[in-house]
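Chain and residue survey
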Amino acid sequence: MSITIELLDSMLAPSPGNPAEAHYRTIPLDSRVRELTTLLTQLHGDNAANAGRCMLAAVLLRREVETLAGNQQLTGLAPSSAVSLMGEIANPLMSLFLQNEVTQSRRQIGHIIAELSSSLSLVSVEDGKEWMKTVLNHIRPGCGNMDPMTFQLLGDIADRSPLTLWSVGSAEVFSSLFSGSMEHIQRSTCSLDQLEASMGALLQVGIAHEKAQRIMSSTQSKDQMEQALMAQFDEKSTTVDASSPSAIIGKYFLPTMLEALTVFGNSLSSNQVDVMSSCMSHLSTCSIQCPSMLAGDDTSLTCLLRTCMKFAQINSQGDEDITFLKLSALDVLATITSVPQIKRSILKPIGTSPRCVMQGGGSEKSPLLKFLIQGNDNNLDQKGVLYVCAELAITGVDQVEENWSEDPASVYDTESSWEDDHTALYAESLLETFVENLGGASTLQSIFQLVDILLASPSWQNQRAVLSILERCLAAAPATFVPHVGSTVDVALRLIQSSSKRVQYQALQLLGALCCANTVESDEQPATTQPILVRENYGDKILEAIAHLIQSPCTKVASHACLTVVSYCRGGNGQGDCMIPIEKDLIVPFVGSLLEALKLPLSVDMSQQGVSEGSLTVLIRAIGATACLADASGEAFLPHYGIMGGLTATMKACPN
């Protein structure tokens, strides 16, 4: 039995019962590995006609090579035999990679080589190191010529075998490997695809060092193969080591690469947007796993901020791909500013901050914080990260409000519940991250300037965004937000009277959040700071507005109004005393009016067939609100106990 072209064709067009797959499995593992390698060599000569066969053979071979890293019971091969087999196919695969000109199959062969590097390292550390040296020597010319496939292979190897890669490499070795690329970039003789591939590989090499260093410095195991396996797992890094090899490489190469990215961004064509988004994705991953590479010195950090800010500020003009690029750039900035050492660097006073990042700023000192908040403008216009996030929160929602309003409320949110708002939700979460990272003291003044600007327009999109932004700021910096509670409640109570269902919903959301934060405390809060006391100061107005919306014809609004009653009735600050009922005098005077409003949703005739999902959801929320009112009121609820008869009748009428 052997693997033939006919067998591959049968596997590409499987028949019932998959007899071809069953036949394939009867072939011994070592024979499968050898015969798939031979077939790939034969088929690659006429790759266009054999594209499907090559792809299947490559996928199968990669799977088998991964299996070779398993124990003898799994593979049926002794470790020495597995090593010998991998050594047997290594050079033919590398020759195929170097000779093949078809992008798709070459990429697949690169995946096999990366998997082979990993499996070999897991079975025999020394053989893995020797093979790694061979690979680095073979790919040197391709790196010098900025061949994207070669860079992708290097990135794959760095991802799959980080410990082995850095056991044979060093900052000098990798600097030499990328030196040819630097010359092309400096002479502007490379394409954006080449730049993206080289940057991706460089950053992955830096991440590989972070992984290897983590394992070597922290693992208790002395087993090198176990260390190699553990090094493959991703882990967030929260420190910056300016003297590490990854930082050294980053300082040498990244400023030039980032400046080249900025140049490409000056005349970005539609088919380049996805490539640029990939660059942002590489930077985001690196900012999570190896911030040392991006911020080894002030120059590197400054170049990163300038580049990402440029792409965050691109005018999307409704283009979804450009919007995603903007969000990707903001994500890099949000992630890198969450690193404690970088956060402290950004918050340095003006006399000690890094060199100016403002366009045309020369040697003038300007804090990175000011740049992040104001962007490239050297004036009072808010064009920084907060402004861009707010802009995307406005434009990133479903612009047809009726579509949202007509969708029924549901007890549980599903993946599709907010699918048309994903851009706005992402932007709002990024804004919350920026406020948390940069501090409320540094950001809230700018936020409230933005609020004033946005509320100058009567559009429901602006009003909805303002309410959501305020809620995010309350969550990110609760203690610093205390002085702004009064004006925030006023905004929520004014906008809750809007005719827009989306604005009503968001106002309810903000009021519920304010109620949950009623007694918020923080280590950062000065002892003299007054508590928020939302219910004490604004309870009557809040409950009046809520009662009105409980009877809304929009089930999403009515359901959320009931939930806001629950938020009002539950005390605590979301921490140890969460869900403890509030003081009775804060709710008892309003129980009657609230129950009167709840009569409508509680009067749904459950005996009728076809009760809508939205009405049923509102009923469930209304029952919950009634229960909370009873719990919070205690014995004071007795005069209103007649409502229980209606509830009992409703429940008896339920078909289930």
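Up top is the structure these notes are about.
Cut-offs used in this document
Residues numbered from 1 in each chain as written. Predicted model: local features only at pLDDT ≥ 70, side-chain atom pairs only at ≥ 80, totals over all residues. Heavy atoms only, no water. Buried < 20%, exposed > 50% of the residue type's maximum accessible area, 1.4 Å probe, protein only. Helix = DSSP H or I, 4+ residues; strand = E, 2+ residues; numbered from the N terminus. Contact = heavy atoms within 4.5 Å. Lys, Arg positive; Asp, Glu negative; His and termini not counted. Salt bridge = Lys/Arg side-chain N within 4 Å of Asp/Glu carboxyl O. Polar contact = N/O pair within 3.5 Å; in protein donor to acceptor, adjacent residues only side chain to side chain. Core = buried A, V, L, I, M, F, W, Y, C linked by side-chain atoms within 4.5 Å. Axes fitted to C-alpha atoms, helices over the stretch in contact; angles between N-to-C directions. Parallel < 35°, antiparallel > 145°, perpendicular 65-115°, else oblique. Nonpolar A, V, L, I, M, F, W, Y, C, P; charged D, E, K, R; others polar.

Quick look at helix α27 (residues 485-495) now. Residues V485, T488, V489, V491, A492, L493 and L495 constitute the buried set of α27. Of the surrounding elements, those touching the buried residues of α27 are α24 (440-455), α25 (460-476), α26 (478-481), α28 (501-516) and α29 (534-550).

It is worth spelling out unusual backbone geometry at this point. Even without being glycine, M146 reaches a positive phi, approximately 55 degrees. By secondary structure assignment, the location of M146 is in the loop between α8 (125-144) and α9 (148-160). For S188, which is not glycine, the phi dihedral falls at a positive 55 degrees. Mapped onto the elements, S188 comes out in the loop between α11 (171-186) and α12 (192-218).

This part covers the environment of Q461. Turning to its location among the elements, Q461 is positioned in helix α25. Classification of Q461 as buried rests on a relative accessible area of 14%. Taking the C-alpha atoms as reference points, Q461 and V397, 64 residues apart in sequence, are found 7.8 Å from one another. What Q461 contacts, discounting residues up to four positions off in sequence, is I394, V397 and Q399.

What follows covers the side chain of D398. Its location among the elements puts D398 in the loop between α21 (385-395) and α22 (401-406). One buried charged side chain, D398, makes no salt bridge at all; its nearest oppositely charged neighbour is R502, positioned 5.9 Å away. Only 3.1 Å separates the side chain of D398 from the backbone nitrogen of V400, close enough to count as a polar contact. Apart from the residues within four sequence positions on either side, D398 is in contact with N403, W404, D420, D421, W460 and R502.

Below, the discussion takes up the nonpolar core. Judged by nonpolar contacts, the single largest core of 208 residues is most densely connected at L165, L261, L283 and I587. When residues in this core are grouped by element, the largest group, 12 residues, is from α12. The residues contacting L261, other than those within four sequence positions of it, are L192, L195, M199, M276, C279, M280, T307 and F311.

Contact pair helix α23 (residues 422-438) / α24: the axes reach a minimum separation of 7 Å and the direction vectors enclose 135 degrees. Compared by their axis directions, α23 and α24 come out oblique. Together, L431, F434, V435 and L438 of α23 and G440, S442, T443, L444 and I447 of α24 make up the contact between the two elements. For the contact of α23 with α24, a count of residues per class yields 6 nonpolar, 3 polar and no charged.

As a working rule, side chains carrying opposite charge can pair if their charged atoms are close by. For the coordinates displayed, the defined rule picks out 24 salt bridges. Two residues, R53 and D9, come together in a salt bridge whose shortest N-O distance is 2.8 Å. Placement of the pair is R53 in helix α4 (residues 51-67) and D9 in helix α1 (residues 5-12), with a sequence separation of 44 residues. Taking the relative accessible area as the measure of exposure, D9 reaches 29% and is therefore partly exposed. For R187, the salt bridge identified is with E183, shortest N-O distance 3.9 Å. Beyond isolated ion pairs, a larger network of salt bridges with shared partners links E21, R25, R32, R63 and E64.

No statement about biological role is implied by the geometric values presented.
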